[in-house]
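If you want the building blocks of each chain, they are given just below.
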Number of protein chains: 2
Amino acid sequence: MSVQERKQRERADRERLIVAAARELAEQQGWDAVTTRRLAERIEYSQPVLYSHFRGKREIIGAVALEGATEMAAALRAATAAASTAAGGPRARVTALARAYLDFAESHPAVYDALFQLDGGLAYAQEDTPAPLKDAFAALLECLGEVAGEGVHPEMFTETFWAALHGLATLSRAGRQPREFMEQRVELVVDRLAAV
Amino acid sequence: MSVQERKQRERADRERLIVAAARELAEQQGWDAVTTRRLAERIEYSQPVLYSHFRGKREIIGAVALEGATEMAAALRAATAAASTAAGGPRARVTALARAYLDFAESHPAVYDALFQLDGGLAYAQEDTPAPLKDAFAALLECLGEVAGEGVHPEMFTETFWAALHGLATLSRAGRQPREFMEQRVELVVDRLAAV
DNA sequence: CTCGATTGTCTAGCGATGCTAGGATCGAAT
DNA sequence: ATTCGATCCTAGCATCGCTAGACAATCGAG
């Protein structure tokens with residue numbers, strides 16, 4: 001049985017290699033540059049190998065998205081935790097969360113696109129939503145739930161706050177809003193939306 | 001000179017035809033279905049004709065975006081005006097604006113994509129930004145400027161409010177947020193963000 | 001009215017895309 | 001040693017955005 005196990009392990013390794021290569025290529029040159037041919041070349045296999053792991057390019061995007069969701073959740077939790085121990089109130093935590101979210105979007109644009117801009121074939125906001133996505137939302141909810149305000153549904157509040165952050169992230173990154181007032185916009189969102 | 005004028009008129013007509021066909025095709029089957037071949041077939045000309053009017057597909061998207069910006073500005077102004085005459089205060093006007101914005105995004109997804117999701121090669125938030133885009137932002141500003149609150153820069157406030165709407169529009173349309181609480185999210189954004 | 005020149009349009013084709021069929025090759029099991 | 005199944009690659013398909021070059025229609029000068 002050891003032979004089969006080795007093969008499975010090698011297969012899993014190669015799958016991770018594909019996802020890592022796709023992500024790296026996307027971060028370097030954008031998702032448009034992630035073609036199946038280039039990707040195959042980077043992993044030093046032929047094109048059809050990709051299709052023995054994934055249905056197609058869309059599923060590769062989805063895999064990068066799932067990986068990214070886990071990292072984003074960790075980044076958000078780390079930021080809020082740091083703001084908590086730094087003797088900040090809920091207000092400081094929410095600010096830290098917002099900044100961490102926007103920083104992540106800014107510094108990992110390809111991952112952010114895979115998550116929220118492109119179609120990775122993933123289910124969002126449903127029962128069959130993959131765990132990493134649910135967890136990323138949970139990370140938002142953990143911090144934002146406590147500032148939803150009286151009688152305001154925490155999930156709904158989190159969705160709204162998230163939408164505001166998403167709008168800021170995408171519009172500024174696409175050059176549709178000037179970057180210079182970004183910090184003020186973030187503060188405005190936190191000040192007004194959060195009930196503190 | 002009449003002959004040249006006629007030719008110019010026909011050329012302008014055909015350009016409008018291209019833009020209209022692109023928009024129609026995009027609304028019907030999404031922008032992915034808008035290929036230069038299909039577009040050429042719809043206008044009953046060959047492919048290269050498109051390139052005598054536009055540099056490429058990107059510019060066609062840009063043209064649809066500009067057309068859409070004018071319509072969006074009109075829709076937003078109509079909504080706020082209606083809310084004004086209906087004896088509503090600033091609060092009612094802002095709510096009407098938000099609903100009109102989201103309605104537009106929902107009912108003209110292809111135009112909304114051309115404006116804010118795809119690359120139409122247009123300059124945003126700059127001096128050389130095309131007038132229709134500036135005007136659409138102005139339509140937002142006219143309504144939102146009066147609820148920015150004390151000491152808050154109206155433009156910056158408008159950008160922030162717009163980002164929130166954009167986030168709601170895109171996330172719900174991509175199925176990343178459930179549609180059922182949409183109305184509550186809009187009210188939350190209006191209630192909290194606007195200083196009334 | 002005739003005849004180059006210009007303008008306008010089309011056919012055909014280029015390189016690249018995502019994806020797949022079919023053959024070759026390699027290793028495990030008999 | 002030989003079969004047989006899994007694994008992988010070469011080659012190719014249809015389609016994409018875009019363009020070169022041929023062809024026809026139109027215009028202005030003689």
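Just so it is clear, the structure is predicted and the values come from calculations on it, not from any experiment.

Can you tell me about the interface of chain A and chain B, naming the residues and giving the values?
Between chain A and chain B, the residue contacts involve 36 residues of the former and 36 residues of the latter. Counting across the chain A and chain B interface gives 2 salt bridges. On inspection of chain A and its partner chain B, the count reaches 14 residue pairs in polar contact (both at pLDDT 80 or more). At the level of elements, α6 (109–116), α8 (154–173) and α9 (182–193) of chain A are the ones that each hand at least two residues to the side of chain A that touches chain B.

Give me the packing of helix α5 (residues 90–107) of chain B against helix α9 (residues 182–193) of chain B: which residues, what numbers.
Residues and elements named next belong to chain B. Taken N-terminus to C-terminus, the directions of α5 and α9 make an angle of 135°; their axes are 10 Å apart at the nearest point. In terms of orientation, α5 lies oblique with respect to α9. Regarding α5 and α9, the two cross each other, and that crossing is right-handed. Here Arg91, Val94, Thr95, Ala98, Arg99 and Leu102 of α5 come into contact with α9, specifically with Met182, Glu183, Val186, Glu187, Val190 and Asp191.

Any chance you could break down the UniProt feature "DNA-binding region" (unreviewed entry) in chain A for me, citing the residues and the numbers?
Sites flagged by UniProt as "DNA-binding region" (unreviewed entry) map to residues 35–54 of chain A. Its end C-alpha atoms 14 Å apart, residues 35–54 of chain A is made of 70% helix and 0% strand.

Break down the relation of the copies chain A and chain B for me, citing the residues and quoting the values.
Rotating chain A by 180° and translating it 0.0 Å along the rotation axis places it on chain B, where the RMSD comes to 0.1 Å. With respect to symmetry, the two chain copies, as superposed, fit the operation of a two-fold axis. Take the interface residues of chain A: 100% of them recur as interface residues in chain B, which is what a same-surface contact looks like.

Requested: an account of the protein's contact with DNA strand C, with residues and values cited.
The local shell around DNA strand C holds 17 residues, among which A:Thr35, A:Thr36, A:Gln47, A:Lys57 and B:Ser46 are the closest. When atoms of DNA strand C within 4 Å of the protein are split into backbone and base, the sugar-phosphate part holds 56%. A:Lys57 is positioned such that a nitrogen or oxygen atom in its backbone is 2.8 Å from a phosphate oxygen of DNA strand C. Between a base oxygen of DNA strand C and a side-chain N or O atom of B:Arg37, the distance comes to 3.5 Å. Among the elements of the structure, α2 (36–42) and α3 (47–53) of chain A together with α3 (47–53) of chain B are those that each provide at least two residues to the surface near DNA strand C.

For the protein's contact with DNA strand D, give the residues involved together with the corresponding values.
Close to DNA strand D lie 17 residues; A:Ser46, B:Thr35, B:Thr36, B:Gln47 and B:Lys57 are nearest. A share of 53% of the atoms of DNA strand D within 4 Å of the protein falls on sugar and phosphate groups. Between a phosphate oxygen of DNA strand D and a side-chain N or O atom of A:Ser46, the distance comes to 2.7 Å. One of the side-chain nitrogen or oxygen atoms of B:Tyr51 is found 3.0 Å away from a phosphate oxygen of DNA strand D. Mapped onto the surface near DNA strand D, the elements with two or more residues apiece are α3 of chain A together with α2 (36–42) and α3 of chain B. In terms of residue class, the surface near DNA strand D is made up of 7 nonpolar, 5 polar and 5 charged.

Talk me through the side chain of A:His53; I want residue IDs and the actual numbers.
All names here are of chain A. The topology assignment puts His53 in helix α3. Exposure remark for His53: the relative accessible area of 11% places this residue in the buried category. A distance of 3.0 Å separates polar atoms of two side chains, one belonging to His53 and the other to Arg14. If sequence neighbours within four positions are ignored, His53 has contacts with Arg11, Arg14, Glu15, Ile18 and Glu59.

Before we move on, could you go through the packing of helix α4 (residues 57–85) of chain B against helix α6 (residues 109–116) of chain B and cite the residues and values that matter?
Residues and elements named next belong to chain B. Contact pair α4 / α6: the axes reach a minimum separation of 8 Å and the direction vectors enclose 110°. Relative to α6, the element α4 lies roughly perpendicular. Judged by residue contacts, Ile61, Val64, Ala65, Gly68, Ala69 and Met72 of α4 engage Val111, Tyr112, Ala114, Leu115 and Phe116 from α6. When its residues are assigned to classes, the contact of α4 with α6 shows 10 nonpolar, 1 polar and no charged.

An account of the domain arrangement of chain A is needed here, citing residue identities and associated values.
Residues and elements named next belong to chain A. In terms of domains, chain A is made up of domain 1 (1–53) and domain 2 (57–193). A straight line from the C-alpha centre of domain 1 to that of domain 2 covers 28 Å. With 10 residues of domain 1 in contact, the opposing surface of domain 2 contributes 15 residues. Between domain 1 and domain 2, the buried area comes to about 1,100 Å², and carbon and sulfur atoms account for 65% of it. When the buried area of domain 1 at its contact with domain 2 is split by residue, Val19, Arg23 and Trp31 rank highest and sum to 61% of it. Our count for the contact surface shared by domain 1 and domain 2 stands at 2 salt bridges. Of the charged contacts in the structure, one is a salt bridge between Arg23 and Glu71, with a shortest N-O distance of 2.7 Å. Inspection of the domain 1/domain 2 interface yields 5 residue pairs in polar contact (both at pLDDT 80 or more). Partitioned by chemical class, the residues of the side of domain 1 that touches domain 2 number 7 nonpolar, 1 polar and 2 charged.

Please give an account of the environment of B:Gly68 that cites residues and values.
Residues and elements named next belong to chain B. Along the chain, Gly68 falls in helix α4. In this structure the C-alpha to C-alpha distance between Gly68 and Phe157, which are 89 residues apart in sequence, comes to 23 Å. If near-sequence neighbours (up to four positions away) are discounted, Gly68 is found in contact with Phe104, Val111 and Leu115.

Calculation notes
- Per-chain numbering applies: the sequence of each chain, read as written, is numbered from 1 onward.
- All chains are assigned letters beginning with A, and all ligands numbers beginning with 1, in the order in which they are written.
- Where totals are concerned, whole chains, interfaces and linings use all residues; where local detail is concerned, this predicted model gives features only for residues with pLDDT of at least 70, and gives and counts side-chain atom pairs only at 80 or more.
- Calculation of side-chain values draws on the structure's entire complement of heavy atoms; hydrogens and water are dropped beforehand.
- Throughout, a residue-residue contact means that at least one pair of heavy atoms, one from each residue, lies within 4.5 Å.
- For this analysis, a salt bridge means a side-chain nitrogen from Lys or Arg found within 4 Å of a carboxyl oxygen belonging to Asp or Glu.
- Here a polar contact means two N or O atoms within 3.5 Å. Within protein one must be a hydrogen donor candidate and the other an acceptor candidate, and residues neighboring in sequence count only if both atoms are side-chain atoms.
- In DSSP terms, a helix is any run of H or I states spanning at least four residues, a strand is any run of E spanning at least two, and both are numbered starting from the N terminus.
- All axes here are fitted lines through C-alpha atoms, helices being fitted over the stretch that makes contact, and every angle between N-to-C directions spans 0 to 180 degrees.
- Orientation categories follow fixed angle ranges, with anything under 35 degrees roughly parallel, anything over 145 roughly antiparallel, 65 to 115 roughly perpendicular, and all other angles oblique.
- A clockwise turn of the near helix away from the far one marks a right-handed crossing, whereas an anticlockwise turn of less than a right angle marks a left-handed crossing.
- UniProt positions are given in the numbering used here, feature names are shortened, and annotations may be inferred rather than shown by experiment.
- The copies are overlaid by a least-squares fit using only the C-alpha atoms of residues whose pLDDT is at least 70 in both copies.
- Only a single heavy atom is needed: when it lies within 4 Å of a molecule or strand, its residue is near that molecule or strand.
- Polar here means any residue other than Ala, Val, Leu, Ile, Met, Phe, Trp, Tyr, Cys and Pro, which are nonpolar, and Asp, Glu, Lys and Arg, which are charged; Gly is therefore polar.
- Each residue's exposure class comes from its accessible area (1.4 Å probe, protein chains only) as a fraction of the maximum for that residue type: buried when under 20%, exposed when over 50%, partly exposed otherwise.
- Reported domain spans reflect what an automatic or database domain assignment gives.
- Two parts lose some accessible area (1.4 Å probe) when they are put together, and adding that loss for both gives the buried area.

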